[in-house]
Amino acid sequence: MLLVVASGSAVAAPRPKIVEVSGTIQGSEARVRFTLQNAFTPEMVEALKSGIEISFRITVEVDRVYRAWFDQTVGSVRHTSSVRYDVLSKVYRLHRSDGNELLPDIHAALDRMTRFEIAVPVNGAVDRGKPYHARVRARLDKAGLSETLRSIIFFSSLWDVETDWARGFLHSP
C-alpha cells in the first residue's frame, strides 16, 4: 500500500504557479512582469500540436501597501492570452491583449505563453518611494474549448490549470 501511494505521488504533475512577480509603478501605470510555471501538461501540449486553441485568463491587481492598515487596490486588469497551431501555414498563432505573434515552433510558443509583462492603469497619483505590490492569478479558459473536449476534460484533473494568487513588490522610483 505504501509503495502505491509513493509511486502515485511521484507521477503527479507539478501544480501551475506564478513566480518572479516584479515591476515598476510610476505616473498612471504599473508594468508587472511574471512567469507562469507548469502551465502546460503533456496532454495539453499534444492537444495544442493537433490544433486545439488553449487560452489563459490572467488577473493582475496593484495595491498600495500601508503599515498597520488595509492595503488599497489602485489598479486592476484582466488579460487573455491564447495560442493555436495553424496546420496550413505551420506556425503557432499567439493572441494576447497587447498584440499578436506568429511563432515558428512549439518551444517558442510555450515560452511566449508563460512570460508576461502587463501594463495596469492606476487610479490616482502614485506616491513616489512608497510600497506597492502586484497580485497575479491565472486560470485556463475552458470556454474556448470544443464541447467534446470540455466534456472529456471535465473528468480529468490534467486540465485543471488555476494558480493561487502570487505577490511581488513593485519599484516606485
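Along every chain, residues carry numbers that run from 1 in the direction the sequence is written. Selection of residues for local features in this predicted model requires a pLDDT of at least 70, selection of side-chain atom pairs for listing and counting requires 80 or more, and totals for whole chains, interfaces and linings are taken over all residues. As a rule here, side-chain values come from all non-hydrogen atoms in the structure, and water together with hydrogens is ignored.

Peer 1: Requested: an account of helix α2 (residues 42-49), with residues and values cited.
Peer 2: Classification of residues uses two cut-offs on accessible area relative to the type maximum, computed with a 1.4 Å probe and protein chains only: under 20% is buried, over 50% is exposed, and between them is partly exposed. For helices the rule is a DSSP run of H or I covering at least 4 residues; for strands it is a run of E covering at least 2, with both sets numbered from the N terminus onward. Those residues of α2 lying buried are Met 44, Val 45, Ala 47 and Leu 48. Down the axis of α2, the smallest arc covering the buried residues is 160°, so these residues share one side. Buried residues in α2 make contact with β3 (54-64), β4 (72-86), β5 (91-96), α3 (106-114) and β8 (132-140). Where α2 ends, the next residue or the one after it, Gly 51, has phi of about 105°, a positive value. Directions are taken from the helix axis to each C-beta atom, and the arc is the one they span. Contacts: residue pairs with any heavy atoms within 4.5 Å of one another.

Peer 1: I'd like a rundown of α3, residues and numbers included.
Peer 2: Listing the buried residues of α3 in full gives Ile 106, Ala 109, Leu 110, Met 113 and Thr 114. Taken down its axis, α3 places every buried residue within 120° of arc, on the same side. Any pair of nitrogen or oxygen atoms within 3.5 Å is treated as a polar contact; in protein, a donor-acceptor pairing is required on top of that, and neighbouring residues in sequence qualify only through side-chain atoms on both sides. Where α3 begins, one side-chain oxygen reaches toward the backbone nitrogen of His 107, 3.1 Å away; that side chain belongs to Asp 105.

Peer 1: Tell me about the sheet that holds β8, and name the residues and values.
Peer 2: Whether two strands pair depends on DSSP finding at least two bridges between them. Across the sheet, which stays open at both edges, the 6 strands sit in the order β6-β5-β4-β3-β8-β9 with antiparallel pairing between neighbours. Of all strands in the sheet, those bounded by a partner on one side alone are β6 (99-103) and β9 (166-170). Taking the axes of each pair of neighbouring strands and ignoring which way they run, one obtains an average angle of 20° across the sheet. Bridging between β8 and β9 involves 5 bridges; their strand directions are antiparallel. Bridge assignment links Ala 134 to a residue of β9, and that residue is Gly 168. Here, axes are lines fitted to C-alpha atoms. For helices the fit covers the stretch in contact, and angles between N-to-C directions go from 0 to 180 degrees.

Peer 1: Give me the lowdown on unusual backbone geometry, citing residues and values where you can.
Peer 2: Even without being a glycine, Ala 68 presents a positive backbone phi close to 55°. Summarising the element assignment, Ala 68 is placed in the loop between β3 and β4. Taking relative accessible area as the criterion, Ala 68 reaches 82% and is therefore assigned exposed. Within the chain, Lys 90 stands out as a residue other than glycine whose phi angle is a positive 55°.

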